[in-house]
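Architecture at a glance
So you can see what is in the structure, the chains are spelled out below.
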Protein chains: 4
Amino acid sequence: MPDLNRTHVQESPHFTDEEDRRHVRDRLIFFSDAVIAIAMTLLALELPVPTGETDAEVWHSFVELLPEEYLNFVISFGVIAAFWMAHHQFFRKIHVVDTALLRYNLGWLFLVVVVPFATRVNSEGGFVLGPVLYAVVISAIALLMVLMARHATRAGLLRPGTPPHALRGLLVGAGTAASVFLLSIPVSFASPS
Amino acid sequence: MPDLNRTHVQESPHFTDEEDRRHVRDRLIFFSDAVIAIAMTLLALELPVPTGETDAEVWHSFVELLPEEYLNFVISFGVIAAFWMAHHQFFRKIHVVDTALLRYNLGWLFLVVVVPFATRVNSEGGFVLGPVLYAVVISAIALLMVLMARHATRAGLLRPGTPPHALRGLLVGAGTAASVFLLSIPVSFASPS
Amino acid sequence: MPDLNRTHVQESPHFTDEEDRRHVRDRLIFFSDAVIAIAMTLLALELPVPTGETDAEVWHSFVELLPEEYLNFVISFGVIAAFWMAHHQFFRKIHVVDTALLRYNLGWLFLVVVVPFATRVNSEGGFVLGPVLYAVVISAIALLMVLMARHATRAGLLRPGTPPHALRGLLVGAGTAASVFLLSIPVSFASPS
Amino acid sequence: MPDLNRTHVQESPHFTDEEDRRHVRDRLIFFSDAVIAIAMTLLALELPVPTGETDAEVWHSFVELLPEEYLNFVISFGVIAAFWMAHHQFFRKIHVVDTALLRYNLGWLFLVVVVPFATRVNSEGGFVLGPVLYAVVISAIALLMVLMARHATRAGLLRPGTPPHALRGLLVGAGTAASVFLLSIPVSFASPS
């Protein structure tokens, strides 16, 4: 461990101290995980309980809630889970963290935190705003991940020895996700259910 | 630490780099813990406060809520706590994590996140849907844990030197839990309280 | 690191493998921290917003909510913070974790999770149930911490070299807290406000 | 690692054992991160869903909620994110943690936990209490961070080799934030919207 660098840590654009470097990266990852885990779990908090006077009515209510409320919950959980895996894949390749990456990541977390809200708006059903807001939020998460990966590559934050194509899978996945959700917007306007 | 492997981490089916291996495992465990902790704590969020005009009425209301609302909360807390212990036991034996295990684990967490919702549905009382949904969710958590353990054994993810019977206790426990809750389903249909 | 022990980890009553030992302890601490942090933050979730038509009315509403709702919140936050510090002090002295300690800790967390609920019941005001339930929950948390410390001492879970009186401060503090809250119970019955 | 110190850890004002030192610091950081992450995510929990009978009405409702509810949410998220970054910067320079720092940090977390509540009060709109409470809470967070930094410098808790001016940026930022929000208080009284 290069202890000699300790005295000028704050002058350095990157964190040259090994313990400090890990500390910064791990805290960023940890904090992100906590936010993602909470957003994921809060999705389930507002799921409506089926109601009714008889078994048949309760069952009917459950089946009615299934396509909109419950399905939207499952989709949002899956979307956040997929983004968690992408975040995970990305940060496995990150060696050092700079302030810009911290800020990108906080912006990214902001959008993740908005997902439960966008899911609720989308579950209201029958209006254009719901699917449009949802598509905008999800696309923005994907696009921000692309920007984050581009910044990390250009600023030399990747682990030494990481080949140039290492983030390609991530970029293709995020780009595809953004495109699909952005393309869903005109569809929402064309056919408000 | 085998630094030599760093350049071909992403080509390797397993993660051969020791630091990376631990990072992946620890992040998976951490993320799971956060989700489980939140699901556990959210259980208590919607507990109804006893109401009434006099001490006697408030006490009566408390006693009335006890068997359904409060008991269901205690049971669900115990169930999630038991699954946390099983998850803990299991991952102590895990040496490396592959993408399939990450996915299994996310599916498992999805079901854990559903437990507070299933508890609320179950607390409505008097209808078949509640206990059936509850039994299905708990059994599915137990069964997914069995599948996860089977995958880990077959894919060689266990710590070197772990004897073949190391996960037996876990499998027997999870299998028993799944059986008990699945067997409770026909009982619910036979005797809706 | 004693790698030789790896093959018989599961037969051992304690965890003799250093990496495994730390992993178990750290995961227990981490999980506890997450649960405590969530319980602490959820306290603020149901704080009532002051209402009114004019500035004077809103201010009046705020002042009225102050002694019961807001003060109860501050007290509960302080109580959980104090227990977190005690938990922290205690686990700094823990070297190995056994299954009994895991179970004690889960029971302890159960009671911490109940604190926001007990606070809400207590904030209803004017009835005996609120302060009694609150006193029972807080005393039980303190008593369980005493039991946990006694178990750790007897089962030899403390760090080597920890002197016998190391946990004395913790025990005195927890015992005092339990006594104070238990003594408040007859007071509640004598003078329901 | 200075194992020799183990027997008198509890007598020492600082924690001289390296493993123990890191454990204490990391647990404090971890716990803080969990609380901050939860407070941040809970901000979004009570965002009102726009309502209406037609697309135009839903859109209108959304636009109406934008300046107060949604903007307040974005500002509060930004404020907590900025404080997280400041906390992060500060604790990167912390070498040892003493009990006073633990207490300061718990007080600081208390105020962070109050932010979602203050945001809700502020979103009610049209009354002086909202902006005043909000300004008081945010200023108090900034001031407490200044006190924490001053204590850490005086008690010698910083990493060896940290130059005296290392925390200057933090202090200037926190001082500015406190001043801005405190100055907003007389403005609130002068011009209740």
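Only a predicted model underlies this, so the values are computations on that prediction, with no experimental measurement involved.

The rules behind these values
Residues numbered from 1 in each chain as written. Chains lettered and ligands numbered in written order. Predicted model: local features only at pLDDT ≥ 70, side-chain atom pairs only at ≥ 80, totals over all residues. Heavy atoms only, no water. Helix = DSSP H or I, 4+ residues; strand = E, 2+ residues; numbered from the N terminus. Buried < 20%, exposed > 50% of the residue type's maximum accessible area, 1.4 Å probe, protein only. Contact = heavy atoms within 4.5 Å. Areas by Shrake-Rupley, 256 points an atom, 1.4 Å probe, with all protein chains shown as cover. Buried area = accessible area lost by both parts, 1.4 Å probe. Salt bridge = Lys/Arg side-chain N within 4 Å of Asp/Glu carboxyl O. Polar contact = N/O pair within 3.5 Å; in protein donor to acceptor, adjacent residues only side chain to side chain. Nonpolar A, V, L, I, M, F, W, Y, C, P; charged D, E, K, R; others polar. Patch = residues over 30% accessible without salt bridge, like charges linked within 9 Å, V, L, I, M, F, W, Y side chains within 5 Å. Least-squares fit on C-alpha atoms with pLDDT ≥ 70 in both. Phe/Tyr/Trp six-rings, centres within 6.5 Å; stacked < 30°, edge-to-face > 60°. Expected span 1.5 Å × (residues − 1). Axes fitted to C-alpha atoms, helices over the stretch in contact; angles between N-to-C directions. Parallel < 35°, antiparallel > 145°, perpendicular 65-115°, else oblique. Left-handed = near helix turned anticlockwise from the far one by under 90°. pLDDT = per-residue confidence, 0-100.

Section: the overall build of chain A
Looking only at helices and strands, chain A features five helices and zero strands. Taken from the N to the C terminus, the helices and strands of chain A come in the order α-α-α-α-α. Within chain A, the proportion of its 193 residues that are buried is 56%. A fraction of 72% describes how many contacts in chain A between residues 6 or more apart in sequence connect residues 24 or more apart. Surface summary for chain A: the accessible area is close to 7900 Å², and the carbon and sulfur share equals 66%.

Topic: the interface of chain D and chain A
Opposite the 43 residues of chain D that make contact, chain A presents 39 residues. Both sides together, the interface formed by chain D and chain A hides about 3600 Å², and carbon and sulfur atoms give 70% of it. Here chain D and chain A share one salt bridge between them. Note that A:R27 and D:D33 form a salt bridge whose closest N and O atoms lie 2.6 Å from each other. The interface formed by chain D and chain A holds six residue pairs in polar contact (both at pLDDT 80 or more) in total. Breaking the side of chain D that touches chain A down by element, the ones donating at least two residues are helix 1 (18-42) and helix 2 (55-92) of chain D. When residues of the side of chain D that touches chain A are assigned to their parent elements, the largest contribution, 15 residues, is made by helix 2 of chain D. Here the residues of the side of chain D that touches chain A are counted per class, giving 27 nonpolar, seven polar and nine charged.

Examining a nonpolar patch on the surface
All names here are of chain A. Among the surface-exposed residues, L71, V74 and I75 lie close enough to one another that they form a single nonpolar patch of about 230 Å² accessible area. Secondary-structure assignment places L71 in helix 2 (residues 55-92). On the basis of relative accessibility, which here comes to 44%, the residue L71 falls in the partly exposed class.

Description of the relation of the copies chain A and chain B
One chain copy maps onto the other through a rotation about an axis and a shift parallel to that axis. For the match of chain A to chain B, the screw axis carries a shift of 0.0 Å, the RMSD comes to 0.0 Å, and the turn is 90°. Both copies are brought into coincidence by an operation consistent with a four-fold rotation axis. When C-alpha distances to the rotation axis are compared across chain A, the minimum falls at A:A34, with a value of 4.5 Å. Mapped onto chain B, only 12% of the interface residues of chain A again fall at the interface, so the copies present different surfaces.

So, the pattern of salt bridges
Close approach of charged atoms lets side chains of opposite charge pair. Residue and element names in this part refer to chain A. Within this structure, the stated rule accounts for twelve salt bridges over all chains. Two residues, R25 and D26, come together in a salt bridge whose shortest N-O distance is 3.5 Å. Judged by its relative accessible area of 5%, R25 is buried. For D26, a relative accessible area of 35% translates into the label partly exposed.

Some remarks on the relation of the copies chain D and chain A
Of the two same-sequence chains, chain D is brought onto chain A (RMSD 0.0 Å, axial shift 0.0 Å) by a rotation of 90°. The fraction of interface residues of chain D whose copies in chain A are also interface residues is only 12%, indicating that the copies meet through different surfaces.

Examining the packing of aromatic side chains
A complete count under the given rule lists 46 aromatic pairs over all chains for this structure. Aromatic pair B:F62 and B:Y70: ring centres 5.5 Å apart, planes at 45°, arrangement tilted. One exposure class covers both B:F62 and B:Y70, and it is buried. Here a set of aromatic residues connected by ring pairs shows up, and it is made of A:F30, B:F30, C:F30 and D:F30.

Describing the interface of chain A and chain B
With 42 residues of chain A at the contact, the number on the chain B side is 39 residues. At the boundary of chain A with chain B, total buried surface from both sides reaches about 3700 Å², with 70% on carbon and sulfur atoms. It is A:T41, A:R92 and A:R159 in chain A that bury the most area against chain B; as a group they hold 17% of the surface buried on that side. Every element with two or more residues in the side of chain A that touches chain B is listed here: helix 1 (18-42) and helix 2 of chain A. With 15 residues, the top contributor of residues to the side of chain A that touches chain B is helix 2 of chain A.

A short note on the environment of A:E124
In this fold, A:E124 is placed in helix 3 (residues 99-124). Given a relative accessible area of 46%, A:E124 falls into the partly exposed group. Separated by 55 residues in sequence, A:E124 and A:E69 have C-alpha atoms that sit 8.4 Å apart. Residues contacting A:E124, with those up to four places away along its chain left out, are A:E68 and D:V49.

A short note on helix 3 (residues 99-124) of chain D
The end-to-end C-alpha distance of helix 3 of chain D is 39 Å, a good match for the 38 Å that 26 residues give at a rise of 1.5 Å each. Burial within helix 3 of chain D is extensive, with 20 of its 26 residues counted as buried.

Examining the side chain of A:H87
Relative to the assigned elements, A:H87 resides in helix 2. Residue classification places A:H87 among the buried residues on the basis of a relative accessible area of 0%. Once residues within four sequence positions are removed from consideration, A:H87 is found in contact with A:S32, A:N105, A:W108, A:M145 and B:R27.

Some details on the packing of helix 1 of chain A against helix 3 of chain A
Residues and elements named next belong to chain A. Their axes nearest at 9 Å, the elements helix 1 and helix 3 cross at an angle of 10°. In terms of orientation, helix 1 and helix 3 fall into the roughly parallel class. The segment helix 1 lies against helix 3, with L28, F31, S32, V35, I36 and A39 engaging L102, N105, L106, W108, L109, V112, V113 and P116. Of the residues belonging to the contact of helix 1 with helix 3, the class tally is twelve nonpolar, two polar and no charged.

Quick look at the environment of C:L111
Residue and element names in this part refer to chain C. Considering the arrangement of structural elements, one finds L111 in helix 3 (residues 99-124). Along the backbone, L111 and I138 are 27 residues apart, and their C-alpha atoms lie at a distance of 8.0 Å. Contact partners of L111, with chain neighbours within four places excluded, come to V137, A140, I141 and L144.

Examining the packing of helix 3 of chain C against helix 4 (residues 129-154) of chain C
Residue and element names in this part refer to chain C. Relative to each other, helix 3 and helix 4 sit at 165°, their axes nearing to 9 Å. Considered as vectors, helix 3 and helix 4 are oriented roughly antiparallel to each other. Crossing hand, helix 3 versus helix 4: left-handed.

Quick word on the environment of D:V79
All names here are of chain D. Its place among the elements puts V79 in helix 2. Residues V79 and V112 lie 33 residues apart in sequence; the distance between their C-alpha atoms is 9.9 Å. Aside from chain neighbours lying at most four places away, what touches V79 is Y134, I138 and F181.

Description of the confidence of the model for chain A
Residue and element names in this part refer to chain A. Across chain A, the average pLDDT comes to 82, with 89% of residues at or above 70. At the low end of the mean pLDDT range in chain A sits helix 5 (residues 168-190), at 79; at the high end sits helix 3, at 92. Scored below 50 in pLDDT, residues 1-16 shows 26 contacts in the model against residues more than four places distant or in partner chains.

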